[in-house]
Amino acid sequence: MGNSNNDSAATALAAKLIRNFRQAELQHRVREPLYDSHSVRLARGTAAQGLGLSVVTVAPGKRASPYHLHHAEEEMFIIVSGSGTLRVAGEMLPLVEGDVVFIPPGPEYPHQIINTSDQPLAYLAISNRCKVEVCEYPDSDKFQADVSTDAGTSFEATRRRGDELDYWDGEP
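Just so you know, these numbers come straight off a predicted model, no measurement behind them.

Q: Got a minute to help me understand the overall build of the protein in this structure?
A: Broken down by element type, the protein carries 1 helix and 13 strands. Secondary structure elements of the protein occur, N-terminal to C-terminal, as α-β-β-β-β-β-β-β-β-β-β-β-β-β. Residues classed as buried in the protein amount to 30% of the 172 residues present. Contacts in the protein between residues at least 24 apart in sequence constitute 58% of all its contacts with a sequence separation of at least 6. Both charge centroids of the protein, one from 16 positive and one from 24 negative side chains, sit 5 Å from each other.

Q: Help me out: how do you make sense of the side chain of N115 in this one?
A: Examined against the element boundaries, N115 turns out to sit in the loop between β9 (111-114) and β10 (121-128). Look at N115 and you get buried, because its relative accessible area is 0%. Separated by 3.0 Å, the side chain of N115 and the backbone oxygen of V58 make a polar contact. Those residues in contact with N115 that lie beyond four places of it in its chain are V58, A59, P60, G61, K62, S83, G84, P120 and L121.

Q: Just checking my understanding: could you explain the packing of aromatic side chains for this structure?
A: Note on aromatic pairs: each is described by the distance of the centres and the angle between the planes. This structure, assessed with the given rule, holds 2 aromatic pairs. An angle of 85 degrees between the planes, with centres 5.7 Å apart, marks the rings of F77 and Y123 as edge-to-face. Of the two residues, F77 is situated in strand β5 (residues 75-81) and Y123 in strand β10; the sequence distance between them amounts to 46 residues. As far as burial versus exposure is concerned, F77 and Y123 are alike and both buried. Plain terms: the ring middles of Y167 and W168 are 4.7 Å apart, the flat faces sit at 85 degrees to each other, and that makes the pair edge-to-face. Note that R87 overlies the ring of Y67, its terminal NZ or CZ placed 3.6 Å from the centroid.

Q: Whenever I open this one, the pairing of strand β8 (residues 100-103) confuses me. Can you help?
A: One face of the sheet, then the other: side chains in a regular strand alternate in exactly this way. Residue alternation in β8 divides its side chains into a buried set, V101 and I103, and an unburied set, V100 and F102. Where β5 meets β8, 4 bridges bridge the pair, whose relative direction is antiparallel. Bridge pairing in β8 links M76 to F102.

Q: Got a minute to help me understand the sheet that holds strand β6 (residues 83-88) in this structure?
A: Consider a sheet: its strands pair through backbone hydrogen bonds, and that pairing is either parallel or antiparallel. In space, the 3 strands of this open sheet follow the order β7-β6-β9, with antiparallel pairing throughout. If you trace the sheet from one side to the other, it starts and ends with β7 (91-96) and β9, each paired once. Going across the sheet, the axis of each strand differs from the next one's by a mean of 25 degrees, ignoring polarity. Relative to β9, β6 is paired through 4 bridges, and the arrangement is antiparallel. Bridge assignment links V88 to a residue of β9, and that residue is H111.

Q: Is there a simple way to think about a positive patch on the surface in this case?
A: Taken together, the side chains of R29, R41, R44 and R129 make up a positively charged region of the molecular surface. Following the sequence through the fold, R29 ends up in strand β1 (residues 27-31). What makes R29 partly exposed here is its relative accessible area of 43%.

Q: What's the story with the environment of A43 in this structure? I'm lost.
A: Examined against the element boundaries, A43 turns out to sit in the loop between β2 (35-41) and β3 (51-58). Taking the C-alpha atoms as reference points, A43 and A72, 29 residues apart in sequence, are found 18 Å from one another.

Reading guide: rules and limits
Residues numbered from 1 in each chain as written. Predicted model: local features only at pLDDT ≥ 70, side-chain atom pairs only at ≥ 80, totals over all residues. Heavy atoms only, no water. Helix = DSSP H or I, 4+ residues; strand = E, 2+ residues; numbered from the N terminus. Buried < 20%, exposed > 50% of the residue type's maximum accessible area, 1.4 Å probe, protein only. Contact = heavy atoms within 4.5 Å. Lys, Arg positive; Asp, Glu negative; His and termini not counted. Charge placed at Lys NZ, Arg CZ, Asp CG, Glu CD. Polar contact = N/O pair within 3.5 Å; in protein donor to acceptor, adjacent residues only side chain to side chain. Phe/Tyr/Trp six-rings, centres within 6.5 Å; stacked < 30°, edge-to-face > 60°. Lys NZ or Arg CZ within 6 Å of the ring centre and 35° of its normal. Pairing = 2+ DSSP bridges. Axes fitted to C-alpha atoms, helices over the stretch in contact; angles between N-to-C directions. Patch = residues over 30% accessible without salt bridge, like charges linked within 9 Å, V, L, I, M, F, W, Y side chains within 5 Å. Areas by Shrake-Rupley, 256 points an atom, 1.4 Å probe, with all protein chains shown as cover. Salt bridge = Lys/Arg side-chain N within 4 Å of Asp/Glu carboxyl O.

Coordinates in, geometry out; function isn't part of it.
If you want it as structure tokens, here you go:
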């Protein structure tokens, strides 16, 4: 039998290294008419330094996020159940259970997963978590800039293109 010091050390270690996605509290995100999903980000609060993992379930006929591209983060999606469509670089590609999708950063691969079926679509979303990221949304012509720290987001700005200012605007 282990002693209480070893038990508490093991418990603390497990809390830093292990998450059970079946026991995690899901966030329900709805924005009618197109968006309806349940998801959980599992790497937050762990010892993970560069990897992120979300488990996402998208309702039939819906999507989890807008069509977008990342300038820094690379993503991988693993379809664990259901089927749908990958909207990517102006194309619509079918997705089925077992498919693995690789999306590098950059403007060549704007993407969005759409549940085009009548059953839930579940997938794992894996990414390298960048401390500084700019994400563009081609459908709405906007962008989002984020700076993250271990304590959370320290800076976030979402703007529409065309709101550009001169570098010296407002400076003394």
